[in-house]
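Chain and residue survey
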Amino acid sequence: MLLHLPAVLTTAEVNDVVSQLTAMNWVAGKHTAGGQAIQVKQNLQIDPADPAYLPLAQRIAEALLANPLCHSAALPHHLLTPMFNCYQEQGHYGDHIDGAIHRDRITGQQHRTDVSLTLFLSAPEDYEGGELIIEDAYGSHSVKLDAGDAILYPATSLHRVEPVTSGRRLAAFSWIQSLVRSDAERTLLFQLDMTILKLRQQLGDQPEVTQLTQHYHNLLRRWSEA
Ligand code: NI
């Protein structure tokens, strides 16, 4: 499932993050790509050794984990510490698959990547190109969101970032190890959760709404790994 998360950061928060990023050290993104991906990656990433990196990354992580839609759709078991990238001057990232296992920069622990996410930090009118293209069973999806918005997509998807032909595209990106490994099962739980939410708003806590909540939790109990 592809899911657009609107306004994960406010405009004021985006502006603050961008001004901090602009003053930090950037290095070639190829350093963190492996195998096939290194051949097709041409961008910049924040140097994780920069002392300003970690507090900023943790701020992004907190905003994502506090977002109710993100929680419902991704069911996070662990959010890997976010990174930041910059595409400019024809920078791009050709078709690739994200590695299945990533080591968290803070804890050193390894996590399975179930959900990929990109949080856009540049306004779409500030750059040309730079669309995130995600391939799934329904075809090819082009994603270019407002600054402060994020996209969640299955980490199993082939994807790329189109060349940025003018301006600068800043983003934060990360992965989530979900409590529920299967995208199909996560999608079903998300849809059920959203339906229960709407029914509760319309009907209040009727017995049938409570029963649906019971079904939700019993499915989550059956499918979750934690
Ligand atoms: Ni990727």
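Structure: see above.
First things first, this report covers the structure right here in the doc. (Residues numbered from 1 in each chain as written. Predicted model: local features only at pLDDT ≥ 70, side-chain atom pairs only at ≥ 80, totals over all residues. Heavy atoms only, no water.)

Right, let's get into the sheet that holds strand β7 (residues 92-96). One key point about sheets: their strands pair by backbone hydrogen bonds, in either a parallel or an antiparallel sense. If you walk across this open sheet you meet the 5 strands as β3-β7-β15-β12-β13, and the pairing is antiparallel. Of all the strands in the sheet, just β3 (41-42) and β13 (139-143) have a single pairing partner and so form its edges. Sheet topology note: the strand β12 (residues 132-136)/strand β15 (residues 159-161) ladder contains 3 bridges and is antiparallel. Bridge pairing in β15 places L132 opposite V161. (Pairing = 2+ DSSP bridges. Helix = DSSP H or I, 4+ residues; strand = E, 2+ residues; numbered from the N terminus.)

Protein coordination of the nickel ion is provided by H96 (NE2), D98 (OD) and H159 (NE2), with donor distances spanning 2.1 Å. If you list the donors of the nickel ion from N- to C-terminus, the spacing comes out as H-x1-D-x60-H. Of this pair, D98 sits in the loop between β7 and β8 (101-103) while H159 is found in strand β15, placing the two residues 61 residues apart along the sequence. Among the residues examined, D98 registers a relative accessible area of 11% and is labelled buried. Here H159 falls in the buried class, since its relative accessible area comes to 3%. (Donors = N, O, S within 2.8 Å, 3.2 Å for Na, K, Ca; no water. Buried < 20%, exposed > 50% of the residue type's maximum accessible area, 1.4 Å probe, protein only.)

To continue, consider the pattern of salt bridges. Should the charged atoms of two oppositely charged side chains come close, the side chains can pair. In this structure the tally under the stated criterion is 9 salt bridges. Between D16 and R59 there is a salt bridge, with its nearest N and O atoms 2.8 Å apart. Residue D16 is located in helix α1 (residues 11-22), and its partner R59 is located in helix α2 (residues 53-65); the two are separated by 43 residues in the primary sequence. In this structure R59 comes out as partly exposed when scored by relative accessible area, which is 31%. Here D95 and R160 are joined by a salt bridge, their closest N and O atoms 3.3 Å apart. (Salt bridge = Lys/Arg side-chain N within 4 Å of Asp/Glu carboxyl O.)

Before going further, it helps to examine the packing of aromatic side chains. Counted according to the given criterion, the structure contains 2 aromatic pairs. Plain terms: the ring middles of Y53 and F84 are 6.3 Å apart, the flat faces sit at 90 degrees to each other, and that makes the pair edge-to-face. Residue Y53 is located in helix α2, and its partner F84 is located in strand β6 (residues 83-88); the two are separated by 31 residues in the primary sequence. Take Y53 and F84: they sit in the same class, and that class is buried. (Phe/Tyr/Trp six-rings, centres within 6.5 Å; stacked < 30°, edge-to-face > 60°.)

If you look at the biggest cluster of nonpolar residues, it comprises 39 residues, and the most contacted ones within it are L9, V17, L21, I60, F84, L121 and L152. Considering every element that reaches this core, the biggest residue donor is α2, with 7 residues. Residues contacting L21, with those up to four places away along its chain left out, are W26, I46, L56, F84 and L121. Within the second largest apolar cluster, 14 residues are counted, among which are A33, Y87, L132 and V143. (Core = buried A, V, L, I, M, F, W, Y, C linked by side-chain atoms within 4.5 Å. Contact = heavy atoms within 4.5 Å.)

As a further point, take unusual backbone geometry. Despite not being glycine, A7 shows a phi value in the positive range, around 50 degrees. For A7, a relative accessible area of 54% translates into the label exposed. The phi dihedral of Q90 falls on the positive side, at around 70 degrees, and the residue is not glycine. With respect to the helices and strands, the residue Q90 is situated in the loop between β6 and β7.

Everything listed here is a matter of coordinates, which is why it stays silent on function.
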